[in-house]
Amino acid sequence: MSMPLDAQDEISDDALIVLYANGDSAAARVLTLRLTPRVFSHAYRMLGDRAEAEDVAQEALVRLWKIAPDWRQGEAKITTWLYRVVANLCTDRLRKTRGVALDAVPEPEDDAASAVEMLQNRARMDALQEALNSLSDRQREAVVLRHIDGLGNPDISEIMEISVEAVESLTARGKRALAKALSGRREELGYTDD
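As a starting point, this report considers the structure included with it. All figures in this text were calculated on a predicted structure; none of them were measured in a lab.

With respect to the pattern of salt bridges
Here comes step 1: Inspection of every chain in the model, using the stated rule, returns ten salt bridges.
Here comes step 2: The partner of Arg34 in a salt bridge is Asp13, with the nearest N and O atoms 2.7 Å apart. Of the two residues, Arg34 is situated in helix H3 (residues 25–47) and Asp13 in helix H2 (residues 13–21); the sequence distance between them amounts to 21 residues.
Here comes step 3: Its relative accessible area of 22% is what places Arg34 among the partly exposed residues.
Here comes step 4: For Asp13, a relative accessible area of 16% gives the class buried.

Put into C-alpha cells, the structure is as follows:
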C-alpha cells in the first residue's frame, strides 16, 4: 500500500528508495521530483547543453531505479551517489564531444525577464559558461559542485573521490582562473562600481 504524496515529503531519500524498491511507485515520484532539478542543474553546468543535460539527468535517475533493490542505507547519501553518476556521465560525453563551439550551446530562457534583461542574463551566462569551459574538467567539476550546486567540501570530496584538501585546491585554483577569465568584462556584462 502506498503512502500519500504529502506524507512522503517528510521522508528521507534513503527511506523513499527502500519504499520504491518494495513497490511504492509514489515514493519514486517524490524522489524524482526532489532530485531531478539538482541532477539536471549539475549536468547542465558541466556540459553547457540543455538537451545533453536532460539526457544525463534521465540516465542517472534510471540507474538509481535499477540499483534501488540493492541500495544499502547508511553507506552513502543518495545525492552523493547521483552526483558521482552525473559527473561520470558528463565526463564521458565531454570526451566524445570535444571541440563543440560555444555558440552551439543554447541558453535557457527566463519568461519573467524583459528582453533587455534576457540579453544581459544570456551574455552573463555565456561568459560564465565560456569561463567554466576554460577550466580543466576536474576544476570545473569542483567549482560547479561547490559554488553553483552549493555542496560542502566533504560531499564534493566523496563525489570526486579525492581528499578535502584536493577539493579546496581545485576550487581555489578554479575561482582564480574564472576571475582572471572574466576580469576585463565587468562593463560589458553590465556590472558597474556605482
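Here the narrative resumes.
Considering helix H6 (residues 115–133)
Here comes step 1: With 19 residues, H6 should cover 27 Å at 1.5 Å per step; its first-to-last C-alpha distance of 26 Å lies within 8% of that length.
Here comes step 2: Looking at H6, one finds that the buried residues are Ala127, Gln129, Ala131 and Leu132.
Here comes step 3: Of the surrounding secondary structure, the elements contacted by the buried residues of H6 are H3, helix H7 (137–148) and helix H9 (164–182).

Re the packing of aromatic side chains
Given two aromatic rings, one states the distance between the centres and the angle between the planes to describe the pair.
Here comes step 1: Counted under the stated rule, the structure contains three aromatic pairs.
Here comes step 2: A centroid spacing of 6.1 Å and a plane angle of 20° characterise the contact between Phe40 and Tyr44, whose relative ring orientation is stacked. With Phe40 and Tyr44 both in helix H3, this residue pair falls four residues apart, about one helical turn. When sorted by exposure, Phe40 lands in the same class as Tyr44, which is buried.
Here comes step 3: Taking the centre distance of 6.1 Å and the plane angle of 85° together, the rings of Trp71 and Trp81 count as edge-to-face. Residue Trp71 is located in the loop between helix H4 (50–67) and helix H5 (78–96), and its partner Trp81 is located in helix H5; the two are separated by ten residues in the primary sequence.
Here comes step 4: Trp71 sits in the buried class, given a relative accessible area of 14%.
Here comes step 5: Since its relative accessible area comes to 24%, Trp81 is described here as partly exposed.

With respect to the packing of H7 against H9
Here comes step 1: Relative orientation of the contacting elements H7 and H9 amounts to 95°, with a least axis distance of 8 Å. The pairing of H7 with H9 is recorded here as roughly perpendicular in orientation. Residue-level contacts link Arg138, Gln139, Ala142, Val143, Arg146 and His147 of H7 to Leu170, Thr171, Arg173, Gly174, Lys175 and Leu178 of H9.
Here comes step 2: Classifying every residue of the contact of H7 with H9 gives four nonpolar, four polar and four charged.

Rules behind the numbers
Residues numbered from 1 in each chain as written. Predicted model: local features only at pLDDT ≥ 70, side-chain atom pairs only at ≥ 80, totals over all residues. Heavy atoms only, no water. Salt bridge = Lys/Arg side-chain N within 4 Å of Asp/Glu carboxyl O. Helix = DSSP H or I, 4+ residues; strand = E, 2+ residues; numbered from the N terminus. Buried < 20%, exposed > 50% of the residue type's maximum accessible area, 1.4 Å probe, protein only. Expected span 1.5 Å × (residues − 1). Contact = heavy atoms within 4.5 Å. Phe/Tyr/Trp six-rings, centres within 6.5 Å; stacked < 30°, edge-to-face > 60°. Axes fitted to C-alpha atoms, helices over the stretch in contact; angles between N-to-C directions. Parallel < 35°, antiparallel > 145°, perpendicular 65-115°, else oblique. Nonpolar A, V, L, I, M, F, W, Y, C, P; charged D, E, K, R; others polar.

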